[in-house]
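So you can see what is in the structure, the chains are spelled out below.
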Amino acid sequence: MKRTIAGLLLVFGCGAASAQHAPHEHGVAELRVAVAGNTMQIEFESPLDNLVGFEHAPRTDAERQSLAAAGAALKSVERVVSVPAAAGCAVVSTQLEQPFAEHEGRGHDDGHAEMAVTHVLQCAKPAALDRLEIRLFALYPRLRQIRAERASPRGQTASTLTAEQRMLDL
Ligand SMILES: [Zn+2]
């Protein structure tokens, strides 16, 4: 299990947490999906602005609530993507990186901030993993585009997803 995950991360060079990033672009987020054996890893990383409309530390209760709501949404894999039921997947781990939390800040000195989540799922029938529907566009209208990368037994590709084109072939 551990080896599988390390292998998945290697596919993309490194995990979202440690990646060196070019300045992010508002309206655009990144999604990385890797399928290997029975394991599927889904990483989503977005400028905070796409999710809550600001990137500064929350100043009001309303801002604190939007931040908490965005974190709760990303932590629920069903709200991020729709996974084919036939694949029989179950979440085995979820890691949220939330800015302005006590221990894990992703706020930057340049006034930008990001939120990221990694879900790891175990699937009874990975052969049934044909495509994922991205659900975040409906939730976050400020999110215009997702740059997606996928690695699966069928190969490795990059694609651009939008509200109109929200299916990611696996
Ligand atoms: Zn920003």
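Structure: above.
Note that this is a predicted model, so its numbers are computed, not measured.

## Regarding the overall build of the chain
Phase 1 of the analysis: Each helix and strand counted, the chain has five helices and nine strands in total.
Phase 2 of the analysis: A burial count over the chain gives 42% of its 170 residues as buried.
Phase 3 of the analysis: Sequence-distant contacts in the chain: of pairs separated by 6 or more residues, those separated by 24 or more amount to 66%.
Phase 4 of the analysis: Carbon together with sulfur atoms contributes 50% to the accessible area of the chain, which is approximately 8,800 Å² in total.

## Here's the deal with the side chain of Glu114
Phase 1 of the analysis: Within the fold, Glu114 resides in strand E5 (residues 114-123).
Phase 2 of the analysis: Looking at Glu114, its side chain comes within polar contact range of the side chain of His24, at 2.9 Å.

## Regarding the nonpolar core
Phase 1 of the analysis: With 37 residues, the main nonpolar core has Leu31, Met40, Ile42, Phe44, Leu74, Ile134 and Ile146 as its most contacted residues.
Phase 2 of the analysis: Apart from residues no more than four positions distant in its own chain, Ile146 is found in contact with Ala29, Glu30, Leu31, Phe44, Ile134, Phe137, Ser159, Thr160 and Leu161.

## Observations concerning the pattern of salt bridges
Phase 1 of the analysis: Counting across every chain of the model gives eight salt bridges.
Phase 2 of the analysis: The closest approach of N and O atoms between Asp169 and Arg131, which form a salt bridge, is 3.3 Å. Placement of Asp169 in strand E9 (residues 167-169) and of Arg131 in strand E6 (residues 131-134) is noted, with a sequence separation of 38 residues between them.
Phase 3 of the analysis: A salt bridge links Arg166 to Glu133, with the nearest nitrogen and oxygen atoms 3.0 Å apart.

## Thoughts on the coordination of the zinc ion
Phase 1 of the analysis: Protein coordination at the zinc ion: the donors are His24 (NE2), His26 (NE2), Glu55 (OE), Glu55 (OE) and His112 (ND1), at 1.8 to 2.8 Å from the metal.
Phase 2 of the analysis: On the primary sequence, the residues serving as donors to the zinc ion are separated as H-x1-H-x28-E-x56-H. Of this pair, His26 sits in the loop between helix H1 (2-11) and strand E1 (28-36) while Glu55 sits in the loop between helix H2 (48-52) and helix H3 (61-75); the two residues are 29 residues apart in sequence, bridging distant segments of the chain.
Phase 3 of the analysis: The partly exposed category is assigned to His26, whose relative accessible area is 33%.
Phase 4 of the analysis: Its relative accessible area of 8% is what places Glu55 among the buried residues.

## A word on the sheet that holds E6
Phase 1 of the analysis: On the basis of which strands lie adjacent, the open sheet formed by three strands has the order E3-E6-E9 and antiparallel pairing. Of all strands in the sheet, those with a lone pairing partner are strand E3 (81-82) and E9, marking the two edges.
Phase 2 of the analysis: By the bridge criterion, two bridges tie E3 to E6 in an arrangement that is antiparallel. In the sheet register, Ser82 faces E6, and the bridge partner there is Glu133.

## Comments concerning the environment of Arg142
Phase 1 of the analysis: Looking at the element boundaries, Arg142 is found in the loop between helix H5 (136-139) and strand E7 (145-152).
Phase 2 of the analysis: Of the polar contacts made by the side chain of Arg142, one reaches the side chain of Asp49; its length is 3.0 Å.

## Some remarks on the state of the cysteines
Phase 1 of the analysis: Throughout the structure, instances matching the rule amount to one disulfide.
Phase 2 of the analysis: The partner cysteine of Cys89 in its disulfide is Cys123, sulfur to sulfur 2.1 Å. On the S-S bond that ties Cys89 to Cys123, the torsion sits near 105°, and the link is right-handed. With Cys89 in strand E4 (residues 89-97) and Cys123 in strand E5, this pair connects stretches of sequence that are 34 residues apart.

## As for the side chain of Ser76
Phase 1 of the analysis: Inspection of the secondary structure puts Ser76 in the loop between H3 and helix H4 (77-80).
Phase 2 of the analysis: When its relative accessible area of 19% is taken as the criterion, Ser76 is described as buried.
Phase 3 of the analysis: Within polar-contact distance, the side chain of Ser76 engages the side chain of Glu78 at 3.0 Å.

Cut-offs used in this document
Residues numbered from 1 in each chain as written. Predicted model: local features only at pLDDT ≥ 70, side-chain atom pairs only at ≥ 80, totals over all residues. Heavy atoms only, no water. Helix = DSSP H or I, 4+ residues; strand = E, 2+ residues; numbered from the N terminus. Buried < 20%, exposed > 50% of the residue type's maximum accessible area, 1.4 Å probe, protein only. Contact = heavy atoms within 4.5 Å. Areas by Shrake-Rupley, 256 points an atom, 1.4 Å probe, with all protein chains shown as cover. Polar contact = N/O pair within 3.5 Å; in protein donor to acceptor, adjacent residues only side chain to side chain. Core = buried A, V, L, I, M, F, W, Y, C linked by side-chain atoms within 4.5 Å. Salt bridge = Lys/Arg side-chain N within 4 Å of Asp/Glu carboxyl O. Donors = N, O, S within 2.8 Å, 3.2 Å for Na, K, Ca; no water. Pairing = 2+ DSSP bridges. Disulfide = S-S within 2.5 Å.

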